[in-house]
Amino acid sequence: MSQADRPFLPYGRHSIDEEDVAAVAQVLRSGSLTGGPVVGQFEAALAETVGAPHAVACANGTAALHMAALAIGLGPGTAAVVPAVTFLATANAVRYTGAEVVFADVDPDSGLMEAEHLRAALARHAGPPVKAAFPVHLNGHCAELEALSAEAERQGLTLVEDACHALGGSWVAEDGEAVPLGSARYGALCTFSFHPVKAIAMGEGGTVTTRDPQLAERLRRLRNHGMTRDPADFTEHDQAFDATGAANPWYYEMPEIAYNYRASEINCALGLSQLSRLPRFLDRRRALAKAYDEALAALSPVIRPVARTPRCRSGWHLYAVRIDYGALDLSRAEVMQRLKAAGIGTQVHYLPVNRQPYYRARYGRVGLPGADAYYEACLSLPLFPEMEQADVECVVAELKTIAEA
Ligand SMILES: *Cc1c(COP(=O)(O)O)cnc(C)c1O
């Protein structure tokens, strides 16, 4: 059966089952839609999953990145390094704080920023002092965490891992230990997105993980207007305390301005239910990726999977390939259109962010040949847990037809 006779295969899709529906319905009947116990339950479950002591859930992955950028002190008069190949949000979150973005190049075969790219970006930069770097675990494949954190330490930078693609993956440390991505063993903070196309779905949702209790406390305030109810923090004593010295029960203070980036009970109930199925989702993604690897071998070198870091057990957010469109005598748009006509959805992750009009107007043209080369070749093929092996075979058969035409 050709893919045209099957339901359309998007490049990614969430999986919702009756357990998810029941978990959300239970919250809807509970009397508490936000600010209740499920947010904390979700945070505890996620913290355990990624092996980090602290997890702070929030409205989405972009909010997670913004809070992370604020928590480490980015703001006007500072800058941060961001790889050019990522979703807009990684760079935008830096800009939201008033800090400048220094775009780093990436490996043309993996799309990942490595230590050498971080070094080159710092050497090129002539603006305000760089305080941080935001490596991205693109496609779910690990950025080289040991080399990047060593480089960051040498340069006095804080690392924030954009782990929005990476839930369920792990980095194999020098001593052989599999360190879950998000454990914040390398980056001071790690950010996740639970947009439906990601590893688990919350509708909209995100989380920041950290090992640092003070950063965790800071993040909790940043997601809730910058306010505190901790009497130890109160500075307006005559308003805060009564004659006996007890804190007034209504009282709170806002020492700095922040945002409403909270996640609701509804979103967290869905996230918690989804998280319980993460191992199954990962098994499916890994099995499908292996099937792609095997089936695509016949199309090499015209179509090859993107390069991966050897010391990574990927969470397989995306299955991305590099295509030599010149050898096919077709443009990428033509390949995408042919696949679409055959019922197969694909996507490009991503146009280098430095090439967006906003960033071009701000920073001019930045020559990043690795990012350009990765972008020119990459294409994400369908990958999601409900896909079947036969779907993979159809996608590869269609690619083969295109390649042989
Ligand atoms: C999805 C994503 C984000 C943003 O997450 P949202 O939840 O959509 O705000 C940030 N960075 C990367 C790499 C992403 O893939």
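As the structure is a computational prediction, the values presented were derived from the model and not from experiment. (Residues numbered from 1 in each chain as written. Predicted model: local features only at pLDDT ≥ 70, side-chain atom pairs only at ≥ 80, totals over all residues. Heavy atoms only, no water.)

*Asks:* It is not clear to me how the overall build of the chain should be interpreted in this structure. Could you clarify?
*Replies:* Broken down by element type, the chain carries 15 helices and 13 strands. Once the C-alpha set of the chain is aligned to its principal axes, its extents read approximately 85 × 55 × 45 Å. Burial analysis of the chain (405 residues in total) assigns 55% to the buried set. In the chain, 75% of the contacts between residues at least 6 apart in sequence involve partners at least 24 apart. In the chain, 36 side chains carry a positive charge and 47 a negative one; their mean positions are 3 Å apart. (Helix = DSSP H or I, 4+ residues; strand = E, 2+ residues; numbered from the N terminus. Buried < 20%, exposed > 50% of the residue type's maximum accessible area, 1.4 Å probe, protein only. Contact = heavy atoms within 4.5 Å. Lys, Arg positive; Asp, Glu negative; His and termini not counted. Charge placed at Lys NZ, Arg CZ, Asp CG, Glu CD.)

*Asks:* How should the packing of aromatic side chains be read in this particular structure?
*Replies:* Centre distance and the angle of the planes are the two values used to describe a pair of aromatic rings. Evaluated as defined, the whole model comprises 12 aromatic pairs. Geometrically, the ring pair formed by phenylalanine 103 and tyrosine 359 is edge-to-face, given 5.2 Å between the ring centres and 85 degrees between the ring planes. Here the residue phenylalanine 103 occupies a position in strand S3 (residues 100-104), and tyrosine 359 occupies one in helix H13 (residues 357-363), the gap between them amounting to 256 residues. Across the pair, tyrosine 359 and phenylalanine 103 agree in class, each one buried. Judged by centre distance (5.5 Å) and plane angle (15 degrees), the ring pair of tryptophan 316 and tyrosine 319 falls under stacked. Residue tryptophan 316 shares its accessibility class with tyrosine 319, and that shared class is buried. (Phe/Tyr/Trp six-rings, centres within 6.5 Å; stacked < 30°, edge-to-face > 60°.)

*Asks:* What is the right way to read the pairing of strand S13 (residues 378-381) from this model?
*Replies:* Residues in a regular strand project their side chains so that they alternate between the two faces of the sheet. Residues Cys378 and Ser380 point to one face of S13 and Leu379 and Leu381 to the other, with burial holding for every one of them. Pairing geometry for strand S12 (residues 319-323) and S13, over 4 bridges, is antiparallel. Among the inter-strand pairings, valine 321 is bridged to a residue of S13, identified as leucine 379. (Pairing = 2+ DSSP bridges.)

*Asks:* Please clarify how the domain arrangement of the chain should be interpreted in this entry.
*Replies:* How big an interface is tends to be stated in terms of the accessible area lost upon association of its parts. Taken domain by domain, the chain consists of domain 1 (18-275) and domain 2 (278-404). Taking only C-alpha atoms, the centre of domain 1 and the centre of domain 2 are 27 Å apart. Every contact between the two is made by 45 residues of domain 1 and, on the other side, 39 residues of domain 2. Both faces considered, domain 1 and domain 2 share a buried interface measuring about 3500 Å² in area, 57% of it formed by carbon and sulfur atoms. Linking domain 1 to domain 2 there are 4 salt bridges. Residues aspartate 109 and arginine 322 are paired through a salt bridge, measuring 2.9 Å at the closest nitrogen-oxygen approach. In this structure, the connection of domain 1 to domain 2 is made through 24 residue pairs in polar contact (both at pLDDT 80 or more). Looking at the side of domain 1 that touches domain 2, the elements with two or more residues in it are helix H4 (88-96), S3, strand S6 (170-172) and helix H9 (265-276). Residues of the side of domain 1 that touches domain 2, tallied by class, amount to 21 nonpolar, 13 polar and 11 charged. (Domains from an automatic or database assignment. Buried area = accessible area lost by both parts, 1.4 Å probe. Salt bridge = Lys/Arg side-chain N within 4 Å of Asp/Glu carboxyl O. Polar contact = N/O pair within 3.5 Å; in protein donor to acceptor, adjacent residues only side chain to side chain. Nonpolar A, V, L, I, M, F, W, Y, C, P; charged D, E, K, R; others polar.)

*Asks:* In this structure, what is going on with the environment of valine 197? I would like to understand it.
*Replies:* Along the polypeptide, valine 197 turns up in the loop between strand S8 (189-193) and strand S9 (206-210). Put simply, valine 197 and phenylalanine 384 are 187 residues apart on the chain and 8.6 Å apart in space, counted from C-alpha to C-alpha.

*Asks:* Please explain helix H7 (residues 213-222) as it appears in this structure.
*Replies:* Three or four residues apart is the spacing at which side chains of an α-helix point the same way, because the helix has 3.6 residues per turn. Every buried residue of H7 is accounted for by Leu215, Ala216, Leu219, Arg221 and Leu222. Tucked inside the fold, the buried residues of H7 contact strand S1 (54-58), helix H3 (61-71), S8 and S9. The N-capping residue of H7, defined by a side-chain oxygen 2.8 Å from the backbone nitrogen of glutamine 214, is aspartate 212.

*Asks:* It is not clear to me how the nonpolar core should be interpreted in this structure. Could you clarify?
*Replies:* Nonpolar side chains tend to gather and get buried jointly when the protein is soluble and globular. Among the nonpolar cores identified, the biggest contains 92 residues, and Val81, Phe134 and Leu296 are the most heavily contacted of them. In terms of residues, this core owes the most to one element, H3, which gives 8 residues. Residue contributions to this core reach at least three from each of two domains, namely domain 1 (18-275) and domain 2 (278-404). Beyond its immediate chain neighbours, meaning those up to four positions away, valine 81 contacts Val102, Ala104, Met113, Leu118, Ala121, Leu122, Val130, Ala132, Ala133 and Phe134. (Core = buried A, V, L, I, M, F, W, Y, C linked by side-chain atoms within 4.5 Å.)

*Asks:* Even after reading the chapter, I still don't get the pattern of salt bridges, so can you show me in this structure?
*Replies:* Proximity of charged atoms lets side chains of opposite charge pair with each other. Applying the stated rule across the entire model yields 19 salt bridges. Two residues, aspartate 17 and arginine 277, come together in a salt bridge whose shortest N-O distance is 3.1 Å. Pair noted here: aspartate 17 is in the segment before helix H1 (18-30) and arginine 277 is in the loop between H9 and helix H10 (278-296), with a separation of 260 residues, a long-range link. Residue arginine 277 is classed as buried on the basis of its relative accessible area of 4%. With a closest N to O distance of 3.1 Å, glutamate 177 and arginine 185 form a salt bridge. By sharing partners, the salt bridges in this structure join Asp17, Asp20 and Arg277 into a single network.

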